[in-house]
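Per-entry structural report
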Amino acid sequence: MSPHESDRRHIERQIAYARPIVALLALIALLEQIPYSHAHHTIYFLIAYLFLAVLALLFERMLTGLTWHLPLASDLMALGFFIYLSPTTVPAWFPYLFVCYAAGIRWGLRVAFPMAGGLALLLVMITAVKGEVHWMRVIAWLGLVGATLAAGGGSAFLGDLSRSFAAQNELLARVSSTMQVDQGLSESLRLLLEELTQAFHTDGAMLVYRDSDLERIFVWQLKSGESERLIPENLALTRADGFLLDDLDATICWNSLTGAGAGFGWDRRDGRTLKALPRLPAATQQVLALRSFMSVSFDQMGQPAGRLFLLNGRRAFRREDLMWFERVARHVGPSVENIFLLRHLRARAIEGERSRISRDLHDGILQTLLSIEIQLDVLRRRVSGSPEHTASGLANLQQTVKNESAELRHMVTDLRPLRVQSADLIDLMRGFAERYRNESTLALDVLIDSVELHAPDRVCREIFQIYREALNNIKKHAKASHVVVKLSQDDSRLVLVVDDNGEGFSFAGKFTGDELDRLRLGPISIKERTRTVGGVLTVESNPGHGARLTIEVPLG
């Protein structure tokens, strides 16, 4: 069950529990006011209403998988019938307050408050007609109307607060659910902006992000009702002021942009009202066809990094709307930050992978092709004078081409995207180890503690890529004779250790991935893959005596 659904059912359960309690209070008040002989019909009605309220409560508890609840119209009819039957209106105040409270929850304050006023006037008029308040006591009568309306309106207000709380929690839950790593940055932002336009009833929304590393700003804009993939506009930092409003700590609303305009805002750090509100440049307003907008900032690494905009509200924005928008931005800020950080990590991982492929091609196949070219030139010159040597050289070249073709085939195979699940990881590791032993002279031991692994698929995919890349690096560069791989899992983490007895790295000692970054050392692609899954890389190197890589991935 989703969090917002749980909140809604909790509030409906309050109504279900309150109904029999109110019926019992009304029955007690009636028995205190009127002798049984004068009010037996009303007493029978309240007992029947109490019985039905208990049945409705039990029925709603049994139907936990459904969203059924007793319609409020039935309580309104019961209140009217009770007022008609009862010799006195005093006990009717209890069901009256209950109906106002339930209407506030289900219909909202705009409907519940006028209804409470009408019912309050009806109750007091019936009270006057029945002689409980004399017509000439106007002050007492008006006071009773006001007190009854205040009580009913207060109950409706409490119900409306509960409904608003559930609606806000529902929006926060939906907004959080849009930030999914697997669906990518563009789709996550599209879903986020779509939720915001629907929640605040606007014609569009926009997210502006300042990328300090690339010295660019990126703008994602969504118009209400669009479902196409968002492609960000890539702009130079010189245009940042036009979208970031010169002040990233300003929380702003403009309800009108004509002339001097009409708006309000405050400094998000201390809540101080802004006397001079920043505005978007006129050219930007024309491009966006702006009539009104609200804008709040979101953070990255504890500093403001961009803005969220809601464009062209279908009604005038209020201070409550801007406060709620600011709260939503604070709630979703960490998720947006994680999505952007993952985007950076993936970009760096891709860059590292390209660099690795470039080095492999340069040091391997390209060097071999250059060697083949030189040998062919030599053989071409010898072909007429020494055919035996030429035949022998061609045979060697043929074997070299065959070996390099096999190496290139393996490289292409390794570049194919893998769909690794936790159930397949052990089999894939053992299968790669078998092929690795057949293609190299290294002794490889793969030790896996657990028969079954339980980890997210993306973690298993990156662990396998790290395992494969580490072994390939050892085969090409380490000059090792023995490699030991250990994979283990407990309740909190997954650990991969790759230990070899080769030449080690150019440095000596034990370093984390962050320390290696500062020193500009270590395997770039493995570092980025480890960060992608939130893991910690440790490299221990002893030049001339081998190296050990340890990757720990938390599973909490």
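Read on for an overview of the structure. Values in this document were obtained by computation on a predicted structure and should not be read as measured data. (Residues numbered from 1 in each chain as written. Predicted model: local features only at pLDDT ≥ 70, side-chain atom pairs only at ≥ 80, totals over all residues. Heavy atoms only, no water.)

Looking at the pattern of salt bridges
For the structure shown, the criterion picks out 23 salt bridges. Ionic pairing is found between Asp203 and Arg291, a salt bridge with its closest N-O pair at 3.1 Å. Highlighted residues: Asp203 in strand E1 (residues 202–211) and Arg291 in the loop between helix H9 (282–288) and strand E6 (293–300), separated in sequence by 88 residues. Accessibility expressed as a relative area gives 30% for Asp203, which makes it partly exposed. Arg291 gets classed as partly exposed once you look at its relative accessible area, which sits at 46%. Measuring nitrogen to oxygen at the nearest pair gives 2.9 Å for the salt bridge that ties Arg529 to Glu462. Residue Arg529 is located in helix H15 (residues 524–532), and its partner Glu462 is located in helix H13 (residues 457–478); the two are separated by 67 residues in the primary sequence. (Salt bridge = Lys/Arg side-chain N within 4 Å of Asp/Glu carboxyl O. Helix = DSSP H or I, 4+ residues; strand = E, 2+ residues; numbered from the N terminus. Buried < 20%, exposed > 50% of the residue type's maximum accessible area, 1.4 Å probe, protein only.)

Comments concerning the pairing of strand E13 (residues 546–554)
Both strand E10 (residues 493–500) and E13 contribute to a ladder of eight bridges, which runs antiparallel. Its bridge partner lying in E13, Asp500 is registered against Ala547. A loop of three residues connects strand E12 (residues 536–542) with E13, the two strands running antiparallel in sequence, and Gly544 in this loop sits at a positive phi of about 90 degrees. (Pairing = 2+ DSSP bridges.)

Things to note about the sheet that holds E6
Strand order in the open sheet formed by seven strands is E3-E2-E1-E7-E6-E4-E5, and the pairing between neighbours is antiparallel. The open sheet has two edge strands with one neighbour each: strand E3 (233–236) and strand E5 (262–267). Adjacent strand axes in the sheet meet at a mean angle of 20 degrees, parallel and antiparallel pairs treated alike. Across eight bridges, the pairing between E6 and strand E7 (residues 303–313) is antiparallel. (Axes fitted to C-alpha atoms, helices over the stretch in contact; angles between N-to-C directions.)

Quick look at the side chain of Gln285
Mapped onto the secondary structure, Gln285 falls in helix H9. Gln285 gets classed as buried once you look at its relative accessible area, which sits at 15%. The residues touching Gln285, leaving out its near neighbours within four places in the chain, are Leu257, Arg279, Leu280 and Leu290. (Contact = heavy atoms within 4.5 Å.)

Describing the packing of aromatic side chains
Two numbers describe a pair of aromatic rings. These are the distance of the centres and the angle of the planes. As enumerated under the stated definition, the model contains ten aromatic pairs in all. Centre to centre, the rings of Phe432 and Tyr436 are 6.1 Å apart; their planes meet at 35 degrees, and the pair counts as tilted. Taken together, the positions of Phe432 and Tyr436, both in helix H12 (residues 422–439) and four residues apart, correspond to about one turn of that helix. Like Tyr436, Phe432 is buried. Centre to centre, the rings of Phe432 and Phe464 are 6.3 Å apart; their planes meet at 80 degrees, and the pair counts as edge-to-face. Placement of Phe432 in helix H12 and of Phe464 in helix H13 is noted, with a sequence separation of 32 residues between them. Grouped by ring-pair contacts, the aromatic residues Phe432, Tyr436, Phe464 and Tyr467 constitute a single cluster. The ring of Trp254 carries the charged tip of Arg279 above its face, separated from the ring centre by 4.6 Å. (Phe/Tyr/Trp six-rings, centres within 6.5 Å; stacked < 30°, edge-to-face > 60°. Lys NZ or Arg CZ within 6 Å of the ring centre and 35° of its normal.)

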